[in-house]
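This is what each chain is made of:
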Amino acid sequence: MGVSGSGKSTIAAELAKRLSWTFEDGDRFHPKSNVAKMSAGHPLTDKDRLPWLQAIADEIDRVCEAGGHVVVACSALKRAYREILVHGRDDVRIVFLDGSQALIADRLARRKGHFMPPGLLDSQFKTLEPPQADECPINVSIDAPVETIVNNIAAQVATEVRT
Ligand SMILES: Nc1ncnc2c1ncn2[C@@H]1O[C@H](COP(=O)(O)OP(=O)(O)OP(=O)(O)O)[C@@H](O)[C@H]1O
Ligand SMILES: [Mg+2]
């Protein structure tokens, strides 16, 4: 989890590779109606987000049922969203990619092939509810090379999950 540009897609894909787990980008689970809305430049409401988050939660159940493991990149900015994703499971860990707005703005400005509406990062930081201690998050600073961040997360995941 983390705001846009915090590195979710990059880190989740590398982490999945490192652990030999599956990688999923949460964006893929949006219903067509949400994709249409976003393409038209309209922000999603929390009601719009429900079927999306539920679809990711269902995928987590499906993978776990099959004895697999998956790393999902999903912004999950609000606690309520994360509660849908985790839905009481004790085998789902939240990884929070934590970084300053200045650092992330700089990375977004350099990112290729993505248009970033001005003000979006601001609103992401306003919406962000950093995970609380009772969510048992793995908090990592994104002010480090990708490899270092992945090593850090992998070490914390490895202490409790047999891959
Ligand atoms: N640790 C890092 N060091 C340097 N650059 C990074 C790091 N992590 C990610 N980046 C770069 O920052 C940019 C944003 O990363 P990425 O696209 O993975 O973020 P994201 O959280 O998936 O964003 P979005 O929510 O918009 O999909 C990319 O250009 C990526 O290559
Ligand atoms: Mg992404």
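Anything mentioned here points back to the structure above.
About the cut-offs
Residues numbered from 1 in each chain as written. Chains lettered and ligands numbered in written order. Predicted model: local features only at pLDDT ≥ 70, side-chain atom pairs only at ≥ 80, totals over all residues. Heavy atoms only, no water. Helix = DSSP H or I, 4+ residues; strand = E, 2+ residues; numbered from the N terminus. Rg over C-alpha atoms; globule rule 2.2 N^0.38 Å. Buried < 20%, exposed > 50% of the residue type's maximum accessible area, 1.4 Å probe, protein only. Contact = heavy atoms within 4.5 Å. Areas by Shrake-Rupley, 256 points an atom, 1.4 Å probe, with all protein chains shown as cover. Lys, Arg positive; Asp, Glu negative; His and termini not counted. Charge placed at Lys NZ, Arg CZ, Asp CG, Glu CD. Near = heavy atom within 4 Å. Polar contact = N/O pair within 3.5 Å; in protein donor to acceptor, adjacent residues only side chain to side chain. Nonpolar A, V, L, I, M, F, W, Y, C, P; charged D, E, K, R; others polar. Axes fitted to C-alpha atoms, helices over the stretch in contact; angles between N-to-C directions. Parallel < 35°, antiparallel > 145°, perpendicular 65-115°, else oblique. Left-handed = near helix turned anticlockwise from the far one by under 90°. Core = buried A, V, L, I, M, F, W, Y, C linked by side-chain atoms within 4.5 Å.

Novice: For this particular structure, what's the right way to read the overall build of the chain?
Specialist: Secondary structure summary: the chain contains 7 helices and 4 strands in total. Listed by position from the N terminus, the elements making up the chain come as α-β-α-α-β-α-β-α-α-β-α. Computed over its C-alpha atoms, the radius of gyration of the chain comes to 15 Å, within 12% of the 15 Å expected for a compact globule of 163 residues. The 163 residues of the chain split such that 37% are buried. Expressed as a percentage of contacts within the chain between residues at least 6 apart in sequence, the contacts between residues at least 24 apart total 75%. Accessible surface for the chain amounts to roughly 9500 Å². Of this, 53% is attributable to carbon and sulfur atoms. Separation of charge centres in the chain, based on 20 positive and 22 negative side chains, amounts to 5 Å.

Novice: Please explain the site of ligand 1 as it appears in this structure.
Specialist: For ligand 1, the set of nearby residues contains 15 residues, the closest of which are Ser4, Lys8, Thr10, Arg111 and Ala144. Arg111 has a polar side-chain atom sitting 2.7 Å from an oxygen atom of ligand 1. Within the backbone of Ala144, an N or O atom sits 2.8 Å from a nitrogen atom of ligand 1. When isolated, ligand 1 has an accessible area of 640 Å², and the protein chains bury 75% of it. Sorting the residues of the shell around ligand 1 by element identifies helix H1 (8–19) and helix H7 (146–158) as the ones contributing at least two each. Tallying contributions element by element places H1 first for the shell around ligand 1, with 3 residues. A per-class count over the shell around ligand 1 returns 6 nonpolar, 6 polar and 3 charged.

Novice: Where do I start with the packing of helix H3 (residues 46–65) against helix H4 (residues 79–86) in this structure?
Specialist: The angle between the axes and the distance between the axes are what describe a pair of packed helices. Closest axis-to-axis distance for the H3/H4 pair is 8 Å, and the angle between their directions is 30 degrees. By the angle class used here, H3 and H4 are roughly parallel. In this structure, H3 meets H4 at a crossing whose hand is right-handed. In this structure, H3 uses Asp46, Arg49, Leu50, Leu53, Gln54, Ile56, Ala57 and Ile60 to contact H4, whose residues at the interface are Tyr81, Ile84 and Leu85. Among the residues making up the contact of H3 with H4, the classes are represented as 8 nonpolar, 1 polar and 2 charged.

Novice: Hey, could you run me through the nonpolar core in this one?
Specialist: Soluble globular proteins tend to pack their nonpolar side chains together in the buried interior. Core analysis: the biggest nonpolar cluster contains 39 residues, and Leu15, Ile56, Cys74, Leu97, Val140 and Ile153 have the highest contact counts within it. Looking at this core, the elements that each hand over two or more residues are H1, H3, strand E2 (70–73), H4, strand E3 (95–98), helix H5 (101–110), strand E4 (138–141) and H7. Apart from the residues lying within four places of it in its own chain, the contact partners of Leu15 are Val71, Val150, Ile153 and Ala154.

Novice: Help me out: how do you make sense of unusual backbone geometry in this one?
Specialist: With glycine set apart, most residues show a phi of negative sign, and most peptide bonds adopt trans. The phi angle at Ser20 is positive, at roughly 55 degrees, despite the residue not being glycine. Checked against the element boundaries, Ser20 lands in the loop between H1 and strand E1 (22–25). Notably, Ala76 is not glycine yet its phi reads approximately 45 degrees, a positive angle. On the secondary structure map, Ala76 appears in the loop between E2 and H4. Under the relative-accessibility criterion, Ala76 is labelled buried at 3%.

Purely geometric numbers; function is a separate question.
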